[in-house]
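# Secondary and tertiary structure notes
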Amino acid sequence: MLDSDTNPYIVDYAAHDSAYRRNREQGLPGWNSAEDISEHIAQLTEIFTRSNIPKAGRVLDIGCGAGNLSFWLESLGYSVAGIDVSPVAIEWAIEQAELTKSKVTFSVVNAAQNQYHVEQQFDIVLDNHCLHCIIGKDRKQYLSNIYSNLKTGGIFICNTMCDEIRDPEVLKYFDVKTRYYIRNNLAIRYIGRHDDIIKEIKAAGLSILQIDLTPDDTQDSMCIIAHRT
């Protein structure tokens, strides 16, 4: 699929399957190492203690992978649904849910293209490092889907790469004009300026509540908390 009529780069979200398959074969617990997952949970623990985050209700975990964060959210008392574009990841998550008697539901969904709907909207939608994987015009549909599936007053939490890139390996494959990280003619990541990402989220109808910018030795990132008014 071409990103646009004028963009020569190809988008292939299904390529995540091979990464999940490889990680499972190597004994990793999901998309990330156990250490990285623990770090993500520590960061989210601080966010979920904030006063503007609902302490109960339904949560949609977008890009749930093997379900690591979904199960953590369930342990906090939330009712959780996890979605991912990768059938391999969802199969993995379902197996883990069956082993642990978890009530988290998992589904294969391309959140960037499908106008997916649910019977009940969500109190929280969590995107932990998924938005920067969404390329070009798909980003508008992706954010529209998030808006549609949030309750009025519902909260959107998003952690995404942004701004400066200091990793020499990434810089070798970074297109400054489009701000895409490109490998083998595939646009894999969009590492936009934080102001541009904020504009995208506002254009989707969401109101920004809080922005945390985090500089890093290799890649800056941003946590955005927004809500549907």
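Described in the following lines is the structure provided in the data block. Worth saying up front: this structure is predicted, and the values here are computed from it rather than measured.

Strand pairing within a sheet occurs via backbone hydrogen bonds; the two strands may be parallel or antiparallel. Pairing is mixed in the open sheet, where seven strands are placed in the order β3-β2-β1-β4-β5-β10-β9. Each edge of the open sheet is held by one strand with a lone partner, namely β3 (105-108) and β9 (206-214). Each strand axis lies, on average, 20 degrees off the axis of its neighbour in the sheet, ignoring direction. Along the sheet, helix α4 (residues 87-100) contacts β2 (79-84) and β3; its crossing angle with β3, the most-contacted strand, is approximately 165 degrees. Of the strands in this sheet, β1 (58-62), β4 (122-128), β5 (150-165), β9 and β10 (219-228) are in contact with helix α5 (residues 138-149), which crosses β5 at around 150 degrees.

It is worth spelling out the sheet that holds strand β8 (residues 186-190) at this point. On the basis of which strands lie adjacent, the open sheet formed by three strands has the order β6-β7-β8 and antiparallel pairing. The sheet is open, and its two borders are formed by β6 (174-175) and β8, each paired with just one other strand. Relative to strand β7 (residues 180-183), β6 runs antiparallel, the two being bridged by two bridges. Across the sheet, Asp-175 pairs through a bridge with Tyr-180, a residue of β7.

On to α5, then. Taking 1.5 Å as the rise per residue, α5 with 12 residues should run 16 Å; its terminal C-alpha atoms sit 17 Å apart, in good agreement. Along α5, the residues that are buried comprise Asp-138, Arg-139, Tyr-142, Leu-143, Asn-145, Ile-146 and Asn-149. Axial view of α5: buried residues confined to an arc of 150 degrees, hence all on one face. Against the buried residues of α5 lie β1, β4, β5, β8, α7 (194-203) and β9.

Here the focus is the state of the cysteines. Applying the stated criterion across every chain, the model contains zero disulfides. For Cys-130, which is in no disulfide, the shortest distance to another cysteine sulfur is to Cys-133 and amounts to 5.7 Å. Taking relative accessible area as the criterion, Cys-130 reaches 14% and is therefore assigned buried. No disulfide involves Cys-162; its sulfur sits 9.9 Å from that of Cys-158, the nearest cysteine.

Before going further, it helps to examine the packing of aromatic side chains. Counting across every chain of the model gives six aromatic pairs. Judged by centre distance (5.8 Å) and plane angle (75 degrees), the rings of Phe-48 and Tyr-78 are edge-to-face. One end of the pair, Phe-48, is in helix α2 (residues 34-48); the other, Tyr-78, is in the loop between α3 (68-75) and β2, and 30 residues separate them in sequence. Per residue, the accessibility class of Phe-48 equals that of Tyr-78, and both read buried. Following the ring pairs from residue to residue traces out a cluster consisting of Phe-48, Trp-72 and Tyr-78. Arg-58 extends its terminal NZ or CZ atom over the ring of Phe-122, reaching a point 4.3 Å from the ring centre. For the cation-ring pair, Arg-228 lies above Tyr-147, with the distance from its terminal atom to the ring centre recorded as 4.1 Å.

All right, on to unusual backbone geometry then. Not every positive phi belongs to a glycine, and Lys-101 is a case in point at roughly 60 degrees. Within the secondary structure layout, Lys-101 lies in the loop between α4 and β3. A relative accessible area of 71% means that Lys-101 is categorised as exposed. Located in the positive-phi region is His-129, a residue other than glycine, with phi close to 70 degrees. Here His-129 shows up in the loop between β4 and α5.

Definitions and cut-offs
- Residues numbered from 1 in each chain as written.
- Predicted model: local features only at pLDDT ≥ 70, side-chain atom pairs only at ≥ 80, totals over all residues.
- Heavy atoms only, no water.
- Pairing = 2+ DSSP bridges.
- Helix = DSSP H or I, 4+ residues; strand = E, 2+ residues; numbered from the N terminus.
- Axes fitted to C-alpha atoms, helices over the stretch in contact; angles between N-to-C directions.
- Contact = heavy atoms within 4.5 Å.
- Expected span 1.5 Å × (residues − 1).
- Buried < 20%, exposed > 50% of the residue type's maximum accessible area, 1.4 Å probe, protein only.
- Arc of directions from axis to C-beta.
- Disulfide = S-S within 2.5 Å.
- Phe/Tyr/Trp six-rings, centres within 6.5 Å; stacked < 30°, edge-to-face > 60°.
- Lys NZ or Arg CZ within 6 Å of the ring centre and 35° of its normal.

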